[in-house]
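Here's the letter readout for the chains.
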Amino acid sequence: MPLEKAIPLLKDAGFKILDMNFYDWALPGSLFLTDDWRKWIEMIKDVADENGVTFVQGHAYTFDYASLDANSAEYKYQQDLVERSLDCLAILGTKVCVTHPATCRTIHLVKDSKALALKYMSELADYADMYGMRIAVENMCDKIEPYQRKYFVSCEEIADFFASTNDKRLGLCWDFEHGLLMKHQQEEILTELNDVLIATHVSDSFSNVDTDLMHVPPFFGRGNNWASIMAMLKRINYQGCFSFESHNFTNWLPDEVLTTGLKLCHQIGVKLLALSEEDSKKSSR
């Protein structure tokens with residue numbers, strides 16, 4: 001669905017703050033990939049303004065920067081799209097941009113991946129700094145089947161990364177579905193990492209392996225304890241966006257019931273925020 005048509009539906013469902021994800025807008029046929037990208041994103045900004053919604057958090061275009069020669073034409077093309085996505089987010093007024101760390105397939109996977117991530121993220125923060133935008137590095141999830149280890153999955157790796165940089169332009173985006181798939185003790189991890197947490201991705205999953213069964217709304221999946229998660233976010237005084245990444249719910253809905261599905265997502269969000277307030281009231285008694 002064209003974004004200029006989706007925005008009014010989201011507004012009517014109750015959403016006032018949106019997340020612009022260029023991971024999705026880099027598919028064939030997207031105007032983002034053409035020379036008309038600026039005209040397109042300026043039109044989207046006009047539609048958002050007309051509907052009274054803002055894009056506070058976004059997701060950069062991402063690629064596996066560890067697998068390409070940094071001097072190659074392919075790397076330059078991919079990185080140009082990353083920077084273009086930040087240009088677009090700046091036009092929308094976005095102040096936090098999420099991106100993925102890559103994994104070096106070497107015998108020193110963690111050491112080499114960390115060194116490359118520190119360099120790449122610092123350079124990306126330099127670019128984002130032109131717009132007063134912060135970069136949020138997202139926690140990853142090992143590929144389950146066939147198994148493939150990834151960097152930036154464990155609490156130790158994430159804490160070590162941030163301990164190795166004093167760059168306050170960098171922060172953490174915590175993806176609760178990735179945490180669920182890795183069977184993390186998420187409340188404990190985020191209590192420890194709360195000083196660097198600046199963004200979230202919020203969703204549930206039915207499956208460890210089938211991507212079509214992932215990225216569904218909270219309470220539709222198989223295991224996140226949302227009452228405990230919301231209480232933890234309240235306790236650590238998290239101030240960033242609570243950004244749903246539940247597209248595999250609405251993707252399957254016919255257009256005739258899409259508005260109903262979006263309203264349900266919004267009501268779930270309202271309920272989750274209420275859970276944090278309920279826990280706060282219990283704690284003060």
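Above this note sits the structure.
Notes on the structure in this doc start here. (Residues numbered from 1 in each chain as written. Predicted model: local features only at pLDDT ≥ 70, side-chain atom pairs only at ≥ 80, totals over all residues. Heavy atoms only, no water.)

### A closer look at unusual backbone geometry
Phi at Lys 183 takes a positive value of approximately 60°, unusual for a residue other than glycine. As for its position among the elements, Lys 183 is in the loop between helix H6 (176–181) and helix H7 (186–192). Taking relative accessible area as the criterion, Lys 183 reaches 60% and is therefore assigned exposed. In this structure, His 215 takes a positive phi of about 60° despite not being glycine. (Helix = DSSP H or I, 4+ residues; strand = E, 2+ residues; numbered from the N terminus. Buried < 20%, exposed > 50% of the residue type's maximum accessible area, 1.4 Å probe, protein only.)

### Describing the environment of Asn 194
With respect to the helices and strands, the residue Asn 194 is situated in the loop between H7 and strand E6 (197–201). For Asn 194, a relative accessible area of 27% corresponds to the partly exposed category.

### Structural notes on the pattern of salt bridges
Applying the stated rule across the entire model yields nine salt bridges. A salt bridge links Lys 45 to Asp 49, with the shortest nitrogen-to-oxygen separation between them at 2.9 Å. Of this pair, Lys 45 and Asp 49 both sit in helix H2 (residues 37–50), separated by four residues, roughly a single helical turn. Lys 76 is paired through a salt bridge with Asp 80; the nearest N and O atoms lie 3.0 Å apart. With Lys 76 and Asp 80 both in helix H3 (residues 73–92) and four residues apart, the pair spans about one turn of that helix. Owing to a relative accessible area of 52%, Lys 76 belongs among the exposed residues under this scheme. (Salt bridge = Lys/Arg side-chain N within 4 Å of Asp/Glu carboxyl O.)

### Side note on the environment of Thr 200
Along the chain, the position of Thr 200 falls in strand E6. The class for Thr 200 is buried, based on a relative accessible area of 0%. When the C-alpha positions of Thr 200 and Phe 176 are compared, they lie 7.5 Å apart, and in sequence the two are 24 residues distant.

### Comments concerning H3
End to end, H3 covers 29 Å across 20 residues, agreeing with the expected 28 Å (1.5 Å per residue, within 8%). Residues of H3 that are buried: Tyr 75, Gln 78, Gln 79, Leu 81, Val 82, Arg 84, Ser 85, Leu 86, Asp 87, Cys 88, Leu 89 and Leu 92. Packing partners of the buried residues in H3 comprise strand E1 (17–21), H2, strand E2 (54–59), strand E3 (96–99), helix H4 (109–129) and strand E4 (134–138). (Expected span 1.5 Å × (residues − 1). Contact = heavy atoms within 4.5 Å.)

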